[in-house]
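Now for the letters of each chain:
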Amino acid sequence: MNSLDIVGQYGLSNALPILCGVALIKIEKKEKNDINRKQDFITLLDEVVERSKFKLLPELKNWVTLTCASLDDNIFFSIYNVANRHSALDIMDYFNKVINWRIFGTRLHSIKSNESLSKLAISIINLNKDETFLDPVATKEGAWLQILKKNPNQRITLQTFQPLEACLAYLNAKANHGKNVKIYNQNILIGPKYINENKELIHFDSSIAAPPLNLRIPSNLINNSYNLFKYGEIGSTSTVWGFVSSILGSLNKNGRAAVFLANGSLFGAGNRKIVRNNVLRDDKIEAIISFPERFFADALIPINLIVFNNHKTDMKNKILFIDANQPGWIQKSKVNNSLTSKGIEKIVDLTKSPRDIPNISKVKSIDECQDTLMVNKYVIKNHVSLNGKEYDLNLTALAQRKTIPIKEIVNIQRGFNMMRNKEDKDSQLKVVKISDFTEDGKINYAALTGVKDSRTKDLNEYQIHENDIIFSVRGSLGKAFFIETEPENPTIISSNMVIIRPKNRDIEPKWLYLYLNSLFTKYFLKKTESGTTVSILTFRDLENLPIAVCSREKQEEMIDFYDKKNEQIKILQNKLQMEEASLEFQLDKMFGSDKVFSRKE
């Protein structure tokens, strides 16, 4: 147990500001600092802040002094005396270990870094001691601090979102004897601060960064004075790729970068697709490494490490995809997962010698990656979990199957985006959602919501008819329903579903419905689904869903087999229900309940 842990009994929100204040005084004064009054501590803080060349320290001083004012003298001195027995390095190492962004409310944007991922990123960019390093979305610690601990002379530039974050980074840099660390404060989308005397942007040899996952910024604040967004316009839904553009624009001609992004950044339409594809076409992406959830303590979603290179050699016009979720590569825990030394070694080896390894890695040309950069789309595994069951795959047999994209044989109609202001309970036109289907695939008409503007011609295209197949493409992904009879009322589908209709009589609708419920379709969905918290099947992926080539006679044979077997199952189910009812009656009779209870018909 760290002897500093004792301060936790006073509450970390009380203890941590005092610890940081003590660390700052030790860093700046470099002498013994015994005090007798709380005011002496505040005076020392004022002195070091006034004397320091780092102009953001008043933010730290205010945080510390406000906390001091709220503390009883006994509690203050209990914390101070413990802190004063430790070095600034001990204090900051403890601070980094226990800090939780929730303590600061909205004052910090950062996610808690993962030491093993930082170690991996450092190994991949292969920074030498004479090169320059940038993190334009820096937090108080992370890869930059690991680099500094190894080489206090490394030339490091940081730009943070918040003044307090910059102050904490300053304490970490000074406590670790950093001699060439420059720290700035401003959202990089508003503008870079690393400018030389001639007002020119400084460029760097390398960068490792973890942009905030859900930061929104008004478009009028985004500043492109230094052409950092040359890959496309940055909007409120594409800020992550704005950070990526800023990083790439801040590298020199041979620069390398490793950036952590969530799954949602690797697919999707709009501005982020435009920027992503322009970066892709400019041949800046060298590798994409996917990790399962729980690698960042404050972000439980899956994460990816994207490796960028301004000077690709052997991997020109190619990208290496790596699935890091491999046996022996990950150490799992209840709080957050980490990479093992074996995992780091294997991944670094693959980035140095890119190659195809079944279940692990795949090299693809950039022309094949325009729609999505999700690793599961390209790394094919010979085992898969479907419906809670494990399957081994014969990849050779899978590759030999004769299939065609579903778009060649069907028309696909997207659903209607139902807004609350479109609801009308008295309307004859109804909208059906996934939740409105019963377990046996029937529509629960009593639960349907009415839609305004029932005479609007545009709504007719969303209407379902007999022999249509309804297929879910968002949320409860891959659920298929067959409309055997025309709906009782005019009914349209919601935006989480599509209508699938065969283009001609070569395809039996019911056969296609059965195929969409097969393991082949479930496997395709598993391999192509996107999304972070909500599973999504993109329209293009749906269009390319492979359908087996099958004669109409064979289709009819399969439908006939299914119908007969399904009828037999229903008869058996009814018989079983009757047997269960009979058992219940006989047992009640043995208890003598028939003499007390008379069932009303």
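See the structure shown above.
As the structure is a computational prediction, the values presented were derived from the model and not from experiment. (Residues numbered from 1 in each chain as written. Predicted model: local features only at pLDDT ≥ 70, side-chain atom pairs only at ≥ 80, totals over all residues. Heavy atoms only, no water.)

As a further point, take the side chain of Thr528. One can find Thr528 in helix 14 (residues 519-528). Reaching out from Thr528, the side chain makes a polar contact with the backbone oxygen of Phe524 at a distance of 2.8 Å. (Helix = DSSP H or I, 4+ residues; strand = E, 2+ residues; numbered from the N terminus. Polar contact = N/O pair within 3.5 Å; in protein donor to acceptor, adjacent residues only side chain to side chain.)

Under the counting rule described, the total for this entry stands at 14 aromatic pairs. Judged by centre distance (5.4 Å) and plane angle (55°), the ring pair of Phe41 and Phe76 falls under tilted. With Phe41 in helix 2 (residues 38-51) and Phe76 in helix 4 (residues 73-84), this residue pair connects regions lying 35 residues apart in the sequence. Phe41 sits in the buried class, given a relative accessible area of 0%. Across from the ring centre of Phe520, 3.5 Å away, lies the NZ or CZ of Arg401, which sits over that ring. (Phe/Tyr/Trp six-rings, centres within 6.5 Å; stacked < 30°, edge-to-face > 60°. Buried < 20%, exposed > 50% of the residue type's maximum accessible area, 1.4 Å probe, protein only. Lys NZ or Arg CZ within 6 Å of the ring centre and 35° of its normal.)

Throughout the structure, instances matching the rule amount to 24 salt bridges. A salt bridge links Asp349 to Arg355; its shortest N-O distance comes to 2.7 Å. By relative accessible area, Arg355 is classed as partly exposed at 33%. One salt bridge in this structure joins Lys362 and Asp356, with 3.3 Å as the shortest N-O distance. Note on Asp356: relative accessible area 42%, which makes it partly exposed. Put simply, Lys442, Glu484, Lys510 and Asp563 are held in one network by salt bridges that share partners. (Salt bridge = Lys/Arg side-chain N within 4 Å of Asp/Glu carboxyl O.)

Three or four residues apart is the spacing at which side chains of an α-helix point the same way, because the helix has 3.6 residues per turn. Of all the positions in helix 14, only Thr521, Tyr523, Phe524, Leu525, Lys527 and Thr528 are classed as buried. Each element contacted by the buried residues of helix 14 is listed here: strand 12 (383-386), helix 12 (395-400), strand 18 (469-472), helix 13 (509-516), helix 15 (539-543) and strand 22 (546-548). (Contact = heavy atoms within 4.5 Å.)

This next bit is on the environment of Trp63. Relative to the helices and strands, Trp63 resides in helix 3 (residues 57-70). Between the C-alpha atoms of Trp63 and Asn81, which are 18 residues apart in sequence, the distance is 19 Å.

Within the open sheet, the three strands sit side by side as 17-16-20. Their pairing is mixed. Among the strands making up the open sheet, the edge pair consists of strand 17 (449-450) and strand 20 (491-493). Bridge count for strand 16 (residues 430-432) against strand 17 is two bridges, and the pairing is antiparallel. Bridging from a neighbouring strand, Lys430 pairs with Gly450 of strand 17. (Pairing = 2+ DSSP bridges.)

The next subject is the sheet that holds strand 15 (residues 410-414). Read from one edge to the other, the open sheet built from four strands follows the order 15-21-18-19, with strand pairing classed as antiparallel. Unpaired on one side and paired on the other, strand 15 and strand 19 (480-482) mark the two borders of the sheet. Across the sheet, the mean angle from the axis of one strand to that of its neighbour is 25°, orientation sign disregarded. As defined by bridge partners, strand 15 adjoins strand 21 (residues 497-502) across five bridges and the pair is classed as antiparallel. Looking at the pairing, Val410 lines up with Pro502 of strand 21. Relative to the sheet, helix 13 contacts strand 15, strand 18, strand 19 and strand 21, its axis offset from that of strand 19 by approximately 160°. (Axes fitted to C-alpha atoms, helices over the stretch in contact; angles between N-to-C directions.)

Look at Asn359: it is not a glycine, yet its phi comes out positive at around 75°. Structurally, Asn359 can be placed in the loop between helix 11 (341-352) and strand 11 (361-365). When its relative accessible area of 12% is taken as the criterion, Asn359 is described as buried. Phi angles above zero are rare outside glycine, and Asn467 is one such case at about 75°. Mapped onto the elements of the fold, Asn467 is located in the loop between strand 17 and strand 18. Asn467 sits in the partly exposed class, given a relative accessible area of 34%.

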